[in-house]
Structure formats: structure tokens, C-alpha cells
Amino acid sequence: MARAFNFSAGPSALPEAVLKQAQSEFLDWQGSGMSVMEMSHRGKEFMSIAESFQTDLIELLAIPDNYKVLFLQGGATGQFSFIPQNILNGKTKACYVQTGAWSKKAIQIGKKHCDVVLSASSENSKFTDIPAVNDWTLDSEAAYLHYTSNETIHGVEFQEIPDTQGIPLVCDMSSNILSRNIDVSRFGIIYAGTQKNMGPSGVTVVIVRDDLLGDVCPSLPDVFNYAKQAASDSMLNTPASYNWYLVGLVMKWLKAQGGLEAIELQNIAQANKLYQAIDDSDLYSNPVNKAYRSRMNIPFVLKDASLDKAFLAQAQTHQLIGLKGHRSVGGMRASIYNAMTDSGIDALIDFMADFEKTA
Ligand SMILES: *Cc1c(COP(=O)(O)O)cnc(C)c1O
């Protein structure tokens, strides 16, 4: 079978050039006589891989000097579970913004560690909107404010970084990191699992401002202690070394595409094209407020849900896979991260139009 157009939400499609490079280096990485996955993580070969991974990420996101970049395990779920213990720093309150399934999960876990101030929620609109920042409840005693910049399941994305009036901003950026230019200096912590827009699963990137590293809850395990991981270059224990290498290849690929400015233009063009096709049709619709529609995850429903099965089955015969929506939302979802090609978008739109004619 030829490679399909993969619209999965995560793990998700990788650039073919990256897969090919990994394949060509699989048995013998650059004359080292071994695969990257066989190397000591303390050896000089792997050290050079780790260093260029980190340098490339810092360059792509223009991360300022007063931030540490960590590569951890445990996924985004691991981070929203351990962030409170890392940065509550004696405080008892934290603000959370609820705009979809992922921020909701972070809140449930946050409640185990502190008093959660629900700064805003769009649950009443079934997570199809983002409440205006002016109306948020900002508690100046909160240790941080947590939000999710792109809700992977509901397809809702912040188009601007919210102003929290000095409260450190903590962002789950799992599904839109590296999809657009951002000003990292506005954040206290950015974290993201790699399996959406950065590579395969298995690494979690944490970007944390120096002044937030400090007194942690004593029961916090060392491997999730940001200060300790920062002090040991994220190698307190054995890292997911092969995954670091693969994510590093994706960073090099992204630079070769022209970096974030270029990829952002591609993402805007692809998302606009697909939303236009949905809005122009009588069969498909997307419920999200147009101002906050995600460029990365595009959910849509068919007018008649009894057609869902046929849609998915026929899509598969056209090499279009991973389109089933999350079970909590239903319908379809096209995840179109950086690695999605223009021909993938065109193939999906053509198929949707043909299906509509026969439906
Ligand atoms: C996928 C996802 C998660 C969960 O990631 P895990 O690696 O499975 O823990 C959390 N937040 C967002 C926004 C996601 O897209």
C-alpha cells in the first residue's frame, strides 16, 4: 500500500523526508557503527544529537536565555499532573481556563493539589468558543494561570496570548506548538507532548522560565522536578533517546521549510481551504466560533450522522485515514499538523465534494 494521507490527531503524520532519513540511518548512524537506539545516552555521539535538538528548538521558537528547555517523559498528562507541585511555591491557589476536553482534564488534576479558580469556561457553549479575556476572573494570589492554546478534540484555538496581568502563564501547547510564531517571553511554562506536531510520542518538551524553578513540594518525584532535570540536562535518568533523535530530525526539517514563519503560512492556507469547503457545503458543518477555529484540528459533522460510517469507509478507500472524530464529540476530525501536505488537503476536499454529490 502506498503511504496514505493521515489525518490522525496523535500520534500523527510525520514528514516523509524525516522517515526516510531515519530509515537510511537506522543501522549505522553517520559512521558510528550503530543505530541511535543502541547508543549510550552519555556517549559523545548521542550528546551531539541531543545538543543540536535543543539548539534547533531554541532557534525555531527564539527561546530567550532565561528559560530552560527540558525533554521529559510522561506526556502532557504527566506535566499537567506535576506542574502544581513544581510551581505552587507555597501558594494555595491557581487559575485555570476551561475551553475543552484537555483543559478540563488539567483542572481535574489541578484540584488535587490546590484551590482551582475557574477563570473562564466555555462549557455552556459545548466548547465551541473562547470567553473574552476581559471577562476572566484573575486572582492575584494565584501561583499561575493554566490554559490550553489549542483544544485538540474540540478544534478551538487561541489566536492571541492572553494577558494575565502578571500571573505566570502556563500553557499546554501540545497540539499547536511550532505551528506559528509565538513570543515565548510571555509565558512562565510551555509544555507539549511531541506526538502531535513535533514527532513520534515519547518526549515531552517543557520550556520553563528560570524564576519559576525553586521550592518544590517535597513529595514530588525527582524525574518530574523541573529544577533537578534542568540541572542534569534532562538526563536524571535514561531519556527516550531514539525519540529525541526523531524529534531532532523534525526540527531540522522545519528549519529547512523556512522555520515557523513559512510553516505558519502553509498552515493558514491549508486550514482556510478546508474550512471554506466545509462552510460552502450543505452536508458538512463546523460548530466553532470562526474567530477561534483551530488551524490544526478541524472537526466537522455530517448533516445526517447515519452517513458517518459510509463516509469513513469510502474515505479509507481513497487513502484518507484517521478522520473519525473523538468519541466525545462525534462526527469527523481532520488533524492537519505541520507535516500535512497540500495534496493531502486537496485529496480530502475532493473526496468530500464527491461524497456530498452521492449522499
Ligand atoms: C494529546 C494531548 C494531551 C495528552 O497528551 P499525552 O501525551 O497523551 O499525555 C494533552 N493536551 C493536549 C492539548 C493534547 O492534544
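Residues numbered from 1 in each chain as written. Predicted model: local features only at pLDDT ≥ 70, side-chain atom pairs only at ≥ 80, totals over all residues. Heavy atoms only, no water.

### Overview of the overall build of the chain
Stated formally: Helix and strand definitions follow DSSP, with helices as H or I runs of at least four residues and strands as E runs of at least two, each counted in order from the N terminus. Each radius of gyration is computed over the set of C-alpha atoms, and the globule rule expresses the reference value as 2.2 Å times the number of residues to the power 0.38. In this scheme, a residue with accessible area under 20% of its type's maximum is buried, one over 50% is exposed, and one in between is partly exposed, where area comes from a 1.4 Å probe on protein chains only. Whether two residues touch is decided by their heavy atoms; if any such pair falls within 4.5 Å, the residues are in contact. Note on areas: Shrake-Rupley with a 1.4 Å probe; residue coverage comes only from the protein chains shown.
Within the chain, the regular secondary structure consists of nine helices and 14 strands. Here the chain has a C-alpha radius of gyration of 21 Å; the compact-globule value for 359 residues is 21 Å, and the two agree. Overall, the C-alpha framework of the chain stretches about 60 × 55 × 30 Å when taken along its three principal axes. Expressed as a percentage of the 359 residues in the chain, the buried residues total 52%. The long-range fraction of contacts in the chain, counting pairs at least 24 apart against all pairs at least 6 apart in sequence, stands at 66%. Here the chain displays about 15,700 Å² of accessible surface, and carbon together with sulfur accounts for 50% of that area.

### Considerations on the domain arrangement of the chain
This is how the line gets drawn: The split into domains, and so the bounds of each, comes from an automatic or database assignment of domains. What gets called buried area is simply the loss in accessible area from a 1.4 Å probe that two parts show on being joined, summed for both. Any Lys or Arg side-chain nitrogen found within 4 Å of a carboxyl oxygen on Asp or Glu counts as a salt bridge.
Partitioning the chain into domains gives domain 1 (17-256) and domain 2 (258-358). Taking the mean C-alpha position of each, domain 1 and domain 2 sit 27 Å from one another. At the interface, 25 residues of domain 1 touch 26 residues of domain 2. Taking both partners together, domain 1 and domain 2 bury about 2,200 Å²; carbon and sulfur atoms supply 52% of that area. Considering only the side of domain 1, the residues that lose the most area to domain 2 are Thr-128, Ile-153 and Asn-181, jointly responsible for 22% of the buried surface there. Between the two partners, domain 1 and domain 2, sit zero salt bridges.

### Things to note about the site of the ligand
The following threshold applies: Summary of the distance rule: residues count as near a molecule or strand when at least one heavy atom falls within 4 Å of that molecule or strand. Pairs of N or O atoms are called polar contacts if they sit within 3.5 Å, as long as, within protein, a hydrogen donor faces a hydrogen acceptor (for residues adjacent in sequence, only side-chain-to-side-chain pairs). Residues were grouped as follows: Ala, Val, Leu, Ile, Met, Phe, Trp, Tyr, Cys and Pro as nonpolar; Asp, Glu, Lys and Arg as charged; and all remaining residues, including Gly, as polar.
Neighbouring residues of the ligand: Gly-75, Ala-76, Thr-77, Trp-102, Thr-148, Asn-150, Thr-152, Asp-172, Ser-174, Ser-175, Gln-195 and Lys-196. Thr-77 is positioned such that a nitrogen or oxygen atom in its side chain is 2.5 Å from an oxygen atom of the ligand. Asp-172 places a side-chain nitrogen or oxygen 2.6 Å from a nitrogen atom of the ligand. In isolation the ligand has 390 Å² of accessible area, and contact with the protein removes 86% of it. If one sorts the elements of the shell around the ligand by residue count, helix H3 (residues 75-87) sits on top with three residues. Of the residues contributing to the shell around the ligand, the split by class is two nonpolar, eight polar and two charged.

### So, unusual backbone geometry
Going from Gly-10 to Pro-11, the amide bond is cis rather than trans, its omega being -5°. Tracing the backbone shows Pro-11 in the loop between strand S1 (5-6) and helix H1 (16-24). Phi is positive for Asn-89, close to 55°, though the residue is something other than glycine. Note that Asn-89 resides in the loop between H3 and strand S3 (93-98). The phi torsion at Leu-178 lies on the positive side, around 65°, for a residue other than glycine.

### Some thoughts on the sheet that holds strand S11 (residues 284-285)
Formally: In this description, strands pair whenever DSSP reports at least two bridges between them.
Strand order across the open sheet formed by three strands is S11-S12-S14, with antiparallel pairing between neighbours. Looking along the sheet, the strands with just one partner apiece sit at the ends: S11 and strand S14 (332-335). Relative to strand S12 (residues 297-302), S11 runs antiparallel, the two sharing two bridges. Bridging across to S12, Ser-285 finds its partner in Val-301.

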